[in-house]
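# Notes for the structure review
Residues per chain are reported as follows:
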Amino acid sequence: MDTIAWLIIACEAAFWVVIGVGLTIRYVFQKEKAGLLFLALTPIIDLLLLIFTVTDLQRGASASMAHGIAAVYIGVSVAYGKSMIRWADETFRHYVLKEGSKPVSKTGFAFAKQDLKNTIRHVFAYGIGAGLLYGIILLVAGGERTEALWQILRIWTLVLGIDLLITASYFIRPKQSKKNALK
């Protein structure tokens, strides 16, 4: 694995460590401002990954799948970051602090609306990631040197299209609860 691939793994691990530490400081030690400070560090992790990726390419590296995945990671992190932190917050409070009720899985039209919100986030992530991918392609300015990035963009476009179709299907045939699906 190349350096950028390891940096992606390190950034993902750092993202969840920062969230875990932030939630622990916020709730266990009851230091809300300090906890929020840790949670606010998550965009800095994305910025560092972007800097490492661009620096690697400017030093002459050919764009690899790892460089492309870094762009996808950043897009997803920006688009889904707030909702992932909210999910981690609710889960932490329920399972660690034993506060609040267990999150309930939605069904029917409510699930379709929730999935639509996630698909809109996916479109947002795609816009950010595709923009970064295209920017990297322009930066590298090499036909064969950027083929891996074009391949990631093609695959992601296909995945986004499938996601849109699945979301539409939930409005046509809403998801049923598990007990109703068994009948």
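Structure: above.
Every residue gets a number counted from 1 within its own chain, in the order that chain's sequence is written. Only residues with pLDDT of 70 or above have their local features reported here, since the model is predicted, and side-chain atom pairs are shown and tallied only from 80 upward, although totals for entire chains, interfaces and linings are computed over all residues. For side-chain calculations, the full set of non-hydrogen atoms in the structure is used, while hydrogens and water are omitted.

### Focus on the layout of surface pockets
Here is the rule we go by: A cavity here means a set of points on a 1 Å grid, drawn over the protein atoms and nothing else, where a 1.4 Å probe fits but cannot get out; a pocket is an open set with protein on both sides within 12 Å along at least five of seven lines, and a residue lines either one if it has an atom within 4 Å of a point. Grid points are joined across faces, edges and corners, and a volume is the space filled by probe spheres set on the points. The numbering of helices and of strands both runs from the N terminus, where a helix is a DSSP run of H or I of at least 4 residues and a strand a run of E of at least 2. Put simply, Ala, Val, Leu, Ile, Met, Phe, Trp, Tyr, Cys and Pro go in the nonpolar bin, Asp, Glu, Lys and Arg in the charged bin, and everything else, Gly too, in the polar bin.
Taken as a whole, the largest pocket holds about 660 Å³ of empty space. Around the largest pocket, the lining is made up of 16 residues, and of these R86, W87, E90, Q114 and N118 lie nearest the centre. Secondary structure elements with two or more residues in the lining of the largest pocket: α4 (65-95) and α5 (108-140). When the residues that make up the lining of the largest pocket are grouped by side-chain class, the tally is five nonpolar, five polar and six charged.

### Things to note about α5
Applied cut-off: One fewer than the residue count of a helix, multiplied by 1.5 Å, yields its expected span.
For α5, built from 33 residues, the straight-helix expectation of 48 Å at 1.5 Å per residue is met to within 8% by its first-to-last C-alpha distance of 47 Å. Backbone geometry just downstream of α5 places A141 in the positive-phi region, at approximately 50°.

### Overview of the nonpolar core
Keep this limit in mind: The criterion is simple. A nonpolar core is a set of buried Ala, Val, Leu, Ile, Met, Phe, Trp, Tyr and Cys residues joined through side-chain atoms within 4.5 Å. To sort residues, take the accessible area from a 1.4 Å probe on protein chains only and compare it with the maximum for the residue type: under 20% means buried, over 50% means exposed, and anything in between is partly exposed.
Counting residues in each nonpolar core, the largest one holds 19 residues, and the members touching the most others are I19, L23, L49 and Y73. Among the secondary structure elements, those contributing two or more residues to this core are α1 (3-28), α3 (42-58) and α4. The element contributing the most residues to this core is α1, with nine residues. A130, L133, V140 and L149 belong to the second largest nonpolar core, which has 17 residues in total.

### So, unusual backbone geometry
Here the phi dihedral of Q30 falls at roughly 55°; this positive angle occurs in a residue that is not glycine. Mapped onto the elements, Q30 comes out in the loop between α1 and α2 (32-39). Look at Q30 and you get exposed, because its relative accessible area is 68%. You will see that K98, though not glycine, has its phi angle at about 60°, which is positive. Its place among the elements puts K98 in the loop between α4 and α5. Take K98: its relative accessible area is 65%, and that puts it in the exposed class.

### So, the packing of aromatic side chains
For clarity, the threshold we go by: Any two rings among Phe, Tyr and Trp, with Trp reduced to its six-membered ring, count as a pair given centres within 6.5 Å; such a pair is stacked if its planes are under 30 degrees apart, edge-to-face if over 60, and tilted if neither. By definition here, charges over rings are those cases where NZ of Lys or CZ of Arg is within 6 Å of the ring centre and within 35 degrees of the ring normal.
A full pass over the atoms with the stated rule returns seven aromatic pairs. Taking the centre distance of 5.1 Å and the plane angle of 90° together, the rings of F15 and W16 count as edge-to-face. The class of F15 is buried, set by a relative accessible area of 2%. Of the residues examined, W16 reaches a relative accessible area of 31% and is grouped as partly exposed. Summarising the aromatic geometry, the rings of F109 and F171 are spaced 5.6 Å apart at their centres and angled 75° between planes, so their arrangement reads as edge-to-face. Here the residue F109 occupies a position in helix α5, and F171 occupies one in helix α6 (residues 147-172), the gap between them amounting to 62 residues. The class of F109 is exposed, set by a relative accessible area of 54%. Through successive ring pairs, a cluster of aromatic residues spans F15, W16 and W87. Against the face of F111 rests K175, its NZ or CZ located 4.5 Å from the ring centre.

### Observations concerning a positive patch on the surface
The line we're drawing: Patch definition: residues with relative accessible area over 30% and no salt bridge; like charges joined within 9 Å; nonpolar side chains (Val, Leu, Ile, Met, Phe, Trp, Tyr) joined within 5 Å. For the area figures, the Shrake-Rupley method with a 1.4 Å probe applies, and any residue is considered shielded solely by the protein chains shown. Throughout this description, the term salt bridge denotes a Lys or Arg side-chain nitrogen within 4 Å of a carboxyl oxygen of Asp or Glu. Only four residue types enter the tally: Lys and Arg on the positive side, Asp and Glu on the negative side; His and the chain ends are excluded. Working definition for charges: the position is that of NZ of Lys, CZ of Arg, CG of Asp or CD of Glu.
A cluster of basic side chains, namely K82, R86, K106, K113 and K117, defines a positive patch on the protein surface. In this structure, K113 sits in helix α5. Residue K113 is classed as partly exposed on the basis of its relative accessible area, which comes to 43%.

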